[in-house]
There are 2 protein chains.
Amino acid sequence: MTGASTIAPRPMALVFDLDGTLVDSVYQHVLAWHHALLESGIELSIWRIHRKIGMSGGLFTRALLRETGRDLDEDVLRQLQERHAVAYRQLAGDVRPLPGTLELLAHLTELGCPWAIATSGRMETAGPVLERLKVPRHVPIITRDLVRHAKPDPDLFLAAVEKLALPAADAYVVGDSVWDMLAARRAGMLGVGLLSGGYGTDELERAGAYRVYDDPAMMMRHLDELGIRRL
Amino acid sequence: MTGASTIAPRPMALVFDLDGTLVDSVYQHVLAWHHALLESGIELSIWRIHRKIGMSGGLFTRALLRETGRDLDEDVLRQLQERHAVAYRQLAGDVRPLPGTLELLAHLTELGCPWAIATSGRMETAGPVLERLKVPRHVPIITRDLVRHAKPDPDLFLAAVEKLALPAADAYVVGDSVWDMLAARRAGMLGVGLLSGGYGTDELERAGAYRVYDDPAMMMRHLDELGIRRL
């Protein structure tokens with residue numbers, strides 16, 4: 001037909017963050033870090049820990065120590081990460097998938113929309129949570145163990161689209177923190193923010209979020225805004 | 001002197017919220033509520049609990065139950081409050097005064113600036129925390145037990161200025177939540193927001209905050225912005 005556009009349709013993929021995006025685990029991580037820091041004699045306000053969470057573990061502990069004016073020490077950093085893991089396990093019994101997570105992931109699979117998970121956490125911590133999400137075996141899961149640098153570096157998200165064999169520009173990042181939105185921009189991907197990690201709409205939009213929803217349940221009702229449709 | 005103003009100087013008083021404003025206890029309260037709700041078979045996202053905290057306990061549990069679409073039941077409400085108190089005690093060992101709290105309160109006392117504390121919590125929960133703040137005996141402490149309605153009703157703040165024998169217009173409310181800012185406006189007082197409860201600047205300003213600081217330490221360095229000076 002004369003005049004019809006020759007632009008090929010470009011279906012979009014979704015790369016999900018885990019903590020605060022698919023599972024309701026941010027506040028437990030925050031209090032576990034606070035407890036670990038206190039055990040190491042470091043007093044830091046909890047809201048500051050919350051604001052830094054979602055960064056790579058290394059950057060995170062460095063940022064926290066900088067706020068306390070302390071010097072870096074590899075032994076202290078390793079000890080903090082161990083103490084956090086112990087404290088988190090104490091609180092992890094209350095961790096649940098966020099509302100709509102299971103339905104959204106199943107719906108995307110059913111639509112044929114490619115999706116992946118990319119988390120700053122290590123497989124050791126993320127493993128038990130991922131099992132509860134019933135992730136199909138073909139879905140790529142990128143953990144901290146698999147890349148050189150975690151968020152706000154783009155490596156995790158770039159590794160995810162590489163596994164999906166798609167260009168970065170054809171995928172959204174879905175995350176709850178400003179670090180997800182910033183890493184998405186560095187990866188050349190659009191960011192979708194969720195409020196379920198406890199950040200405000202304003203913070204996510206300022207970090208570059210294309211759209212902001214409450215949680216996976218609300219995102220599922222608005223998939224048309226993202227141009228997600230049956231392939 | 002001809003032309004000199006006859007406006008009498010009006011020194012300002014400060015009425016402080018407690019949790020998230022003077023002590024770093026918001027996140028423990030949030031997780032304790034989450035645990036209590038799970039024990040009662042009610043699944044609710046943690047960030048939604050965080051957004052409602054600081055309201056009166058009654059309004060809070062009613063708001064939470066409304067979000068879950070449940071009917072109100074006085075037995076469930078009472079059981080929730082009891083379960084929250086038990087879970088909070090488990091986490092309260094890590095609660096610390098926020099940075100600058102002790103210095104700010106001591107400085108205000110030394111300046112002769114009248115101040116008070118007004119909290120939505122009950123004396124049972126607030127008591128141990130107040131001891132750690134070394135509050136002088138003459139400072140009014142208004143708890144939930146002393147008024148009919150808690151925030152966002154203005155009763156707690158109005159009771160505080162009544163004890164200080166000052167007009168409401170001559171006092172700031174200092175708080176971390178939008179409920180503090182809203183109750184301040186209903187009381188005819190100016191609100192000062194602190195980020196230490198984990199809300200964003202934007203949320204506090206939209207709720208009417210006159211100024212927003214990180215925490216008591218930062219507020220102390222900016223007392224001139226509030227016109228607080230030696231009497």
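A quick note: this is a predicted structure, and the numbers were derived from the prediction, not measured. Numbering of residues starts from 1 in every chain and runs along the sequence as written. Here chains are named by letter from A upward and ligands by number from 1 upward, in the order in which they appear as written. Reporting in this predicted model follows two pLDDT cut-offs: at least 70 for local features of residues, and 80 or more for side-chain atom pairs to be given and counted; totals over whole chains, interfaces and linings ignore these cut-offs and use all residues.

A. Here's a closer look at helix 6 (residues 123-132) of chain A. All names here are of chain A. Our exposure labels follow a C-beta count within 10 Å of each residue's own C-beta, placed from the backbone: buried means 20 or more other C-beta atoms, exposed means 12 or fewer, and partly exposed covers the counts in between. Put simply, DSSP marks the helices as runs of H or I at least four residues long and the strands as runs of E at least two long, and each gets a number from the N terminus on. Of the residues making up helix 6, those classed as buried are Thr 125, Ala 126 and Val 129. Burial along helix 6 is one-sided: seen end-on, the buried residues are contained in an arc of 80°. Set apart from the buried face of helix 6 by more than 90 degrees, the exposed residues are Glu 124, Gly 127, Pro 128 and Glu 131. Each residue gets a C-beta atom placed from its backbone, and two residues are in contact if those atoms lie within 7 Å. Buried residues along helix 6 sit in contact with helix 4 (74-91). The first or second residue beyond helix 6 is Lys 134, which carries a positive phi of 50°. This arc corresponds to the set of directions leading from the helix axis out to the C-beta atoms.

B. Quick look at the interface of chain B and chain A. Every contact between the two is made by 25 residues of chain B and, on the other side, 25 residues of chain A. Every element with two or more residues in the side of chain B that touches chain A is listed here: helix 1 (26-39), helix 2 (46-52) and helix 9 (201-206) of chain B. Considering every element that reaches the side of chain B that touches chain A, the biggest residue donor is helix 1 of chain B, with seven residues. Note that Gly is not counted as nonpolar here; it falls among the polar residues with everything else outside the nonpolar set of Ala, Val, Leu, Ile, Met, Phe, Trp, Tyr, Cys and Pro and the charged set of Asp, Glu, Lys and Arg. A per-class count over the side of chain B that touches chain A returns nine nonpolar, nine polar and seven charged.

C. Focus on the sheet that holds strand 2 (residues 115-118) of chain A. All names here are of chain A. Strand order in the open sheet formed by six strands is 3-2-1-4-5-6, with parallel pairing between adjacent strands. Of all strands in the sheet, those bounded by a partner on one side alone are strand 3 (141-142) and strand 6 (209-213). A pair of strands is treated as paired once DSSP finds two or more bridges between them. In the sheet, strand 1 (residues 13-16) pairs with strand 4 (residues 171-175) via four bridges, with the strands oriented parallel. Bridging from a neighbouring strand, Leu 14 pairs with Tyr 172 of strand 4.

D. Representation of the environment of Gln28(A). With respect to the helices and strands, Gln28(A) occurs in helix 1 (residues 26-39). By C-beta crowding, Gln28(A) is classed as buried, having 24 other C-beta atoms within 10 Å. What Gln28(A) contacts, discounting residues up to four positions off in sequence, is Tyr88(A), Leu91(A), Ala92(A), Asp94(A), Val95(A) and Leu31(B).

E. Expanded view of the domain arrangement of chain A. All names here are of chain A. Note: domain ranges come from an automatic or database domain assignment. When its domains are assigned, chain A resolves into domain 1 (13-24 + 95-226) and domain 2 (26-94). A separation of 23 Å is found between the C-alpha centroids of domain 1 and domain 2. Contacts between the two partners involve 16 residues from domain 1, matched on the other side by 14 residues from domain 2. Among the residues making up the side of domain 1 that touches domain 2, the classes are represented as four nonpolar, seven polar and five charged.

F. The arrangement of the nonpolar core in detail. Definition of nonpolar core: a set of buried Ala, Val, Leu, Ile, Met, Phe, Trp, Tyr and Cys residues joined via C-beta atoms within 7 Å. Formed by 141 residues in total, the largest nonpolar core has its most connected members in Val15(A), Phe157(A), Val15(B) and Phe157(B). Aside from chain neighbours lying at most four places away, what touches Val15(B) is Ala116(B), Ala118(B), Phe157(B), Ala160(B), Val161(B), Ala171(B) and Val173(B).

G. The relation of the copies chain B and chain A, seen in detail. At an RMSD of 0.0 Å, chain B and chain A line up after a rotation of 180° and a shift of 0.0 Å along the axis. The superposition of one copy onto the other is thereby described by a two-fold rotation axis. Both copies share a contact surface, since 100% of the interface residues of chain B are interface residues in chain A too. The copies were overlaid by least squares, fitting only the C-alpha atoms of residues that reach a pLDDT of 70 or more in each copy.

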